[in-house]
Amino acid sequence: MKLSKEKLRKMNFDDTVDPQEPGDYDEEDCCGICGNKFENLKISRNAKEQLYKYECANCGAIFVTPENSAKTERVLLQGEARNWPEYLLETLKFPFNANIIESNDREFFDPDYDGPSLYDTVKVLEVFYSMKYGVEALVRKSRRTYQQILCFMEAADYDTRNYDELENYKRWREKYWLSDFLVALVEARKEAKKEARKEAKEAKLKQEK
Ligand SMILES: [Zn+2]
């Protein structure tokens, strides 16, 4: 976007916004900070500059996107990226019961696997950062504890803040999460390519001598 944050902050967003119907936005679209449902965001508009402003009452985030642009182009005017493992550890009330709603690979490929599987109810004891999966949970099933990918679960009690926080996290993850593992992998590949180019160059120089 060409406009600076300063200019966007001073701009008026008081033109009429057409009511948003489901189908006008992606199912998985949500607040880029907290995962609040898109339909819960307050939308205002500057028709002349063709900009939309979104405000999230849940986390206080404010961001601006150009009309008719890919939804990924956005300027954050207020709020900062959330450290999810830390946030969830502080916000969720432990322990709580959760249902496993997705199967993990081990269930299929490891014949000796006896951990939580699809439709099991487990007790979530805590959550922690995971390079590969974002956030994992320590859960208890029967008398043993296991690690489980957090987004494979939903809080068993629908009527709790835990349930809402977990659903928001999953919505956000679906849309915005980038695995640190993949980032590291991509970086390592770039580094390896650079190294290979350097070696090829050196080999060529040697030949020329
Ligand atoms: Zn939000």
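For the structure, see preceding data.
Notes on the structure follow. Per chain, residues are indexed from 1 in the order of the written sequence. Only residues with pLDDT of at least 70 get local features here, since the model is predicted, and only at 80 or more are side-chain atom pairs given and counted; chain-wide, interface and lining totals rely on the full set of residues. To get the side-chain values, all heavy atoms of the structure are used, and hydrogens and water are removed first.

Here we take up the sheet that holds strand 9 (residues 153-155). For two strands to pair, DSSP has to find at least two bridges joining them. Here a helix means four or more residues in a row that DSSP labels H or I, a strand means two or more in a row labelled E, and each is numbered from the N terminus. Pairing is antiparallel in the open sheet, where five strands are placed in the order 8-7-6-5-9. Every other strand in the sheet has two partners, leaving strand 8 (144-149) and strand 9 as the edge strands with one partner each. With strand direction ignored, the average angle separating the axes of adjacent strands in the sheet is 45 degrees. Where strand 6 (residues 121-130) and strand 7 (residues 134-141) come together, seven bridges link them in antiparallel fashion. If you follow Tyr129 over to strand 7, its bridge partner there is Val135. Only heavy atoms matter for contacts: two residues are in contact if any of them lie within 4.5 Å across the pair. Working convention: axes come from line fits to C-alpha atoms, limited for helices to the stretch in contact. Angles between N-to-C directions cover 0 to 180 degrees. Helix 4 (residues 161-176) contacts strand 5 (96-100), strand 7 and strand 9 of the sheet and is inclined by roughly 150 degrees relative to strand 9.

Geometry reference: four tetrahedral donors at a metal, ideal angle 109.5 degrees. Six octahedral donors, ideal angles 90 or 180 degrees. Coordination shells were defined by N, O and S atoms within 2.8 Å of each metal, extended to 3.2 Å for Na, K and Ca; water is absent from the atom set, which can make sites look incomplete. Donor atoms from the polypeptide that coordinate the zinc ion comprise Cys31 (SG), Cys34 (SG), Cys56 (SG) and Cys59 (SG), at 2.3 to 2.4 Å from the metal. Think of it this way: with four donors and all angles in the 85 to 135 degree range, the site is tetrahedral; with four or six donors, opposite ones beyond 155 degrees and the rest between 65 and 115, it is square planar or octahedral; otherwise it is irregular. Around the zinc ion, the four donor atoms are arranged such that angles at the metal cover 105 to 112 degrees; this shape is classified as tetrahedral. For every residue, the accessible area obtained with a 1.4 Å probe (protein chains only) is divided by the maximum for its type, and the residue is called buried under 20%, exposed over 50%, and partly exposed between those limits. Cys56 gets classed as buried once you look at its relative accessible area, which sits at 3%.

This part is about a nonpolar patch on the surface. Residues Tyr129, Met131, Phe181, Leu182 and Leu185 make up a contiguous nonpolar surface patch of about 460 Å² in total accessible area. Per-element tally for the nonpolar patch: the top contributor is helix 5 (residues 180-208), with three residues. Tracing the backbone through its elements, the reader meets Leu182 in helix 5. Patch membership requires more than 30% relative accessible area and the absence of a salt bridge. Residues of like charge join within 9 Å; the nonpolar side chains Val, Leu, Ile, Met, Phe, Trp and Tyr join within 5 Å. Note that accessible areas follow from Shrake-Rupley with a 1.4 Å probe, and for residues the cover is restricted to the protein chains shown. A pairing counts as a salt bridge when a side-chain nitrogen of Lys or Arg comes within 4 Å of a carboxyl oxygen of Asp or Glu.

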